[in-house]
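Per-entry structural report
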Amino acid sequence: MKEFLNRFNLLFIILTYISMMSALYEQINPFLVLFGLLCSVWRIVNFYGRLPLLGRSWLNFITITSSLVTIVIVYPLGLFSIMLHLIMLGFSLKFLELKSIRDVHVFVNTGFVLVALFFIFHYSIAMALVAALLILLLLAVLLSVHGGRLAGTHFLKLLLKSCLLSLPLAVLLFIVIPRLPSLWKMPLQQQASTGLSDSVSPGQIAELSRSSALAFRASFVGDPVPQSERYWRVMTFDDFDGQTWSASQSKKMQEQQAKQGLSVNLQLSTRKNSVDLIVEPHYNYWVPALDYSEPGFGRVSLSDYALRSTTPVVRREHFEVDLYQQIETKPLTTEERQQLLSLPAQGNLKTQDWVATKVKQGIDKQDILKQLLNDFSTKNFRYTLKPPALGIDHVDDFLFSTQAGFCVHYASSYLYVARLLGVPARMVTGYLGGEWQAENKFMSIRQYDAHAWVEIWQEDRWLRIDPTAYVAPERIEWGLEQSLSNSDEFLADEYFSLQKWRNIKLLNQLRTKIAQIDYLWASWVINYDNQKQLRLLQSWFTKVPWLNFFSTVLMIMLLLFLSVFLLIFKPWIRQKINAEDKLYAQLQRYYSKRGLRRQKGQTVTDFCQLASAKSSQPSTLFKSFSFKYNSLKYEVNLSASERKKRLKQLGFICKQLQKG
Amino acid sequence: MHNKIANILKQLNHILLGKEEQIKLALVCLLADGHLLIEDLPGMGKTTLASALAKTLGLDYKRVQFTSDMLPADILGVSIFDRNKQQFNFHKGPIFSQVLLADEINRASPKTQSALLEAMEEKQISLDSETYLLPLPFFVIATQNPMDQAGTFPLPESQLDRFMMRIELGFPNIDAELKMLKGHISSNKKLPIPAIINIEDLRMMQSAVRKIQASDAVLNYLLRLIHESRYGGITAHPLSPRCSKILLQAAKAMAFLQQRDYLIPEDIQAVFVAVTEHRLAGINSAKPGSKTFSQTLLDSVDPFA
């Protein structure tokens, strides 16, 4: 078999293959990678004539076996993963039958599908660049196969030129084409959900504070909410087993209902602001909420004022939330009150004694709680992300011996005391603060902003108390970094994080710039949804009032298709039909009705000769028709007046010949 | 000038009865400055046509009967030592004439054929490190027997290509043959055939042929025919660019014969079979009764497009 690829082509194909593999390596089983490399090596050896390409039956055998093995290996990871692996397997197996241009086409097209899949896993702008590179590589493969022997610079020029030429069209399509909802449901990844978890015990949030990963971003329509008010509520915990705070049964029920889209009706009034959230994927349902957020499209409210998305947030998702000033509350029911006061029977005797003595002294409940908070700020309590380990009696150990910890420790102890005193209270976890980027008017909230605070029921409403504020007020005012300014606990593990080195000015500027670009990318590309599209296009079209939005989209699409049509068929290139040809065609039609069809190779002379046998007109008339036709069509340098004269004559003869 | 053409045709038609088409083609070939190959069975009048053509055009001609034991020197000439002058003298062979009648060319050995065909292309011969120019105009009118006859060496494709046209005479129709037998014209060879034009006239005619104009439309038709031969899957021997040049030349000569100063597709069709068939078919003569390659091409390309 003649080799249709040259060395350059094959090298390019394999390079593309390896890049594709490495781009998706996190998602792909290493065995498959190994197998794919084997396939490509086989093809290289084949190229040098040492090995044959496999026959059809061998190929079938290998394909079926490897598919089955792949399915068996990947099965536990779910349907989506199986699909991905099978496509990748096909991509790899193509090497074994790469024997014509057509096979290269299949290879490249499969590559495009894989690039599309790549976008399911990665959203950032850097990854988009990687994907663009992959696409460029695939196109280069196509070009190298078809382009023959183009010199290097020529090749590159042609490639880039054709890509650049198609770029405006791609942008236009991106802006104009309606977003379809995904046709299939993305199965929830087997990935650990990131961010806050379903329960909290002292120690957990400290782990989050080691991560500078972005949790979500927010921008406000009105003025930004002040720093001290930025308590982004995520979870509420009302059940305590002595070690861990978690949600009670009734709360869990509510969470389940929220997944099905059932919202708790909140009586909100006085709209004050609205916030745009872009939430990073965390493979969970929560949506951060400021007090008090209204439910809306794609999200529901819980009775604790938190928000839940109706689908897991598996990609960057955009929420527009209206904020309200006031909320109408109902008194607690007996069950609720019971739940909010429940404590484990055993343990923490010292704390219980301390509370009991205070109560005996006749001090008011609220005053006892205030005193506790005062103790936090005046006594020897310390804010640290590396607290000493606590024993079984968490609260006792913390309050009376270690006295060192972070938000969860303080919140947990405060809660315990409040409940002992009979004040209904609950723990709230979420994020506090966020870094405000003044230039682009948005704030980024990172994982290390995770926080826990307390709400107590007072005067028939929930009152937010943040015990951490008393021990480390700068945590609330300035964020975690400030509160840890004297130690190296901040982002202890992330040596290379730009967050850590923000006191170096240049790096800090760079970091802010990157954050800005990434924000724009997220808000305008990743989350460019139907609503945004509608708004953008509408804002354009309001300037031209007679344009209706939908008809315009339709018009643009039509124009696009029309231009593509015209480009392909190029009707303007079609030759103008000459007048003499029209007459001749007329004559042909006339005689074809009478059973004389012109044969393909027949000249006008032959045709007229045959026609004269069918007609009563004199044969000289036919002869003069053919003569005049030929002279009109083929004579060079015919003057315009002469041509006109002859055309007239030809027309006359043509009429005569159609008479019988 | 057209008078003279009419006279030539009249005289030739008088000598060879009922072969107007072939006579026209033969004349076209010479007007287009090409060599002519006439193929048919013995006794069909090949030699008669060839010699009548040469004489009528007023060209000096020599006739060589090719045989299997012929050597190149028999055609080209030979150098002989002159004892008096103490040097070699070149004795010109029959090729040094304006028209060479190469009778039964395929009976000669390939070596001899090659010697002739070389001269046809270059219009000169090289012998013993000397180059001798042939007189101009120089035509070769060759006749050959069909391949299946005994004692023939088929001309290879590359050498067939040197002939502008190959024509077949075919049997005369009954009327013409009857006329011949009745002795309407005596086949007495002694009757002299008068020259109707001279070399000067011939040159003028040839330059007039070159001046015939071809419009883009007709050239387009010609090129479509050529293209079809290359990519239409009809033959294994596609037509070369040289062939398209030759075809245009011959068609122009045909237009000249029709007293027109521009080319039409009819002209191309008229010469197409004679010009291309021997190139398309190669050494395989078409089987009698089957559609020839060139006719298939003509039928598959539409002049009206």
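Our structure's up above, just so we're on the same page.
Residues numbered from 1 in each chain as written. Chains lettered and ligands numbered in written order. Predicted model: local features only at pLDDT ≥ 70, side-chain atom pairs only at ≥ 80, totals over all residues. Heavy atoms only, no water.

Scanning chain A from terminus to terminus reveals 24 helices and 17 strands. Within the span of chain A, comprising 660 residues, buried residues form 46% of the whole. Long-range pairs, those at least 24 residues apart, make up 70% of the contacts in chain A between residues at least 6 apart in sequence. For chain A, the exposed area adds up to about 35300 Å²; of that, 61% sits on carbon and sulfur atoms. (Helix = DSSP H or I, 4+ residues; strand = E, 2+ residues; numbered from the N terminus. Buried < 20%, exposed > 50% of the residue type's maximum accessible area, 1.4 Å probe, protein only. Contact = heavy atoms within 4.5 Å. Areas by Shrake-Rupley, 256 points an atom, 1.4 Å probe, with all protein chains shown as cover.)

A word on the interface of chain B and chain A. Listed by partner, the interface residues are 20 residues for chain B and 21 residues for chain A. With both chains or domains summed, chain B and chain A bury close to 1600 Å², and 55% of this area falls on carbon and sulfur atoms. In terms of surface lost to chain A, no three residues of chain B exceed Y262, E266 and F304 of chain B, which account for 40% of the buried area on that side. For D302 of chain B, the salt bridge is made with R598 of chain A, and the minimal N-O distance between the two is 2.7 Å. At the boundary of chain B and chain A, one finds eight residue pairs in polar contact (both at pLDDT 80 or more). Counting residues per element, the ones that place at least two in the side of chain B that touches chain A are α9 (216–231), α11 (265–281) and α12 (293–300) of chain B. A breakdown of the residues in the side of chain B that touches chain A according to their chemical character gives twelve nonpolar, four polar and four charged. (Buried area = accessible area lost by both parts, 1.4 Å probe. Salt bridge = Lys/Arg side-chain N within 4 Å of Asp/Glu carboxyl O. Polar contact = N/O pair within 3.5 Å; in protein donor to acceptor, adjacent residues only side chain to side chain. Nonpolar A, V, L, I, M, F, W, Y, C, P; charged D, E, K, R; others polar.)

Residue and element names in this part refer to chain A. In this structure the tally under the stated criterion is 35 aromatic pairs over all chains. Look at F91 and F107: their rings are 4.5 Å apart centre to centre, the planes differ by 10 degrees, and that puts the pair in the stacked class. Of this pair, F91 sits in helix α4 (residues 79–93) while F107 is found in helix α5 (residues 101–121), placing the two residues 16 residues apart along the sequence. Through successive ring pairs, a cluster of aromatic residues spans F216, F220, W232, W286, Y431 and W436. Lying over the aromatic face of W462, R426 brings its terminal NZ or CZ to 3.9 Å of the ring centre. Looking at R594, its charged tip hangs above the ring of Y590, at a distance of 3.8 Å from the centre. (Phe/Tyr/Trp six-rings, centres within 6.5 Å; stacked < 30°, edge-to-face > 60°. Lys NZ or Arg CZ within 6 Å of the ring centre and 35° of its normal.)

Another aspect to go through is the sheet that holds strand β8 (residues 139–144) of chain B. All names here are of chain B. Spatial ordering of the open sheet is given by β2-β5-β8-β1-β9, a layout of five strands whose pairing is parallel. The outermost strands of the open sheet, each flanked by one partner alone, are β2 (61–65) and β9 (163–168). With strand direction ignored, the average angle separating the axes of adjacent strands in the sheet is 15 degrees. Pairing of strand β1 (residues 35–39) with β8, which is carried by four bridges, proceeds in the parallel orientation. When the sheet's bridge partners are listed, E39 is paired in β8 with Q144. (Pairing = 2+ DSSP bridges. Axes fitted to C-alpha atoms, helices over the stretch in contact; angles between N-to-C directions.)

Before going further, it helps to spend a moment on the nonpolar core. By size, the foremost hydrophobic cluster in this structure holds 65 residues, and its most contacted members are L31, L36, I141, M165, I268 and V271 of chain B. Of all the elements, helix α10 (residues 241–257) of chain B adds the most residues to this core, at ten residues. Leave out the neighbours within four places in its chain, and M165 of chain B touches L25, V28, C29, H35, L36, L37, A250, V271, A274, V275 and H278 of chain B. Core analysis: the second largest hydrophobic core is formed by 61 residues, V275, W286, F376 and A411 of chain A among them. (Core = buried A, V, L, I, M, F, W, Y, C linked by side-chain atoms within 4.5 Å.)

In this section: the packing of helix α22 (residues 604–614) of chain A against helix α23 (residues 619–634) of chain A. In helix packing, the relevant descriptors are the interaxial angle and the interaxial distance, both defined with respect to the helix axes. Residues and elements named next belong to chain A. Contact geometry for α22 and α23: axes closest at 9 Å, N-to-C directions at 160 degrees. In terms of axis orientation, α22 runs roughly antiparallel to α23. When you trace α22 past α23, the crossing you get is right-handed. Residue-level contacts link V604, T605, C608, A611 and S612 of α22 to S619, F622, F625, S626, Y629 and N630 of α23. Grouping the constituent residues of the contact of α22 with α23 by class yields six nonpolar, five polar and no charged. (Parallel < 35°, antiparallel > 145°, perpendicular 65-115°, else oblique. Left-handed = near helix turned anticlockwise from the far one by under 90°.)

This part covers the sheet that holds strand β17 (residues 461–465) of chain A. Residue and element names in this part refer to chain A. What the four strands build is an open sheet, ordered β3-β13-β16-β17; its pairing is antiparallel. The sheet is open, and its two edges are formed by β3 (231–237) and β17, each paired on a single side. Here the strands of the sheet are splayed against their neighbours by 40 degrees on average, with no regard to which way each runs. Where β3 and strand β13 (residues 425–432) come together, six bridges link them in antiparallel fashion. Looking at the pairing, T236 lines up with V428 of β13.

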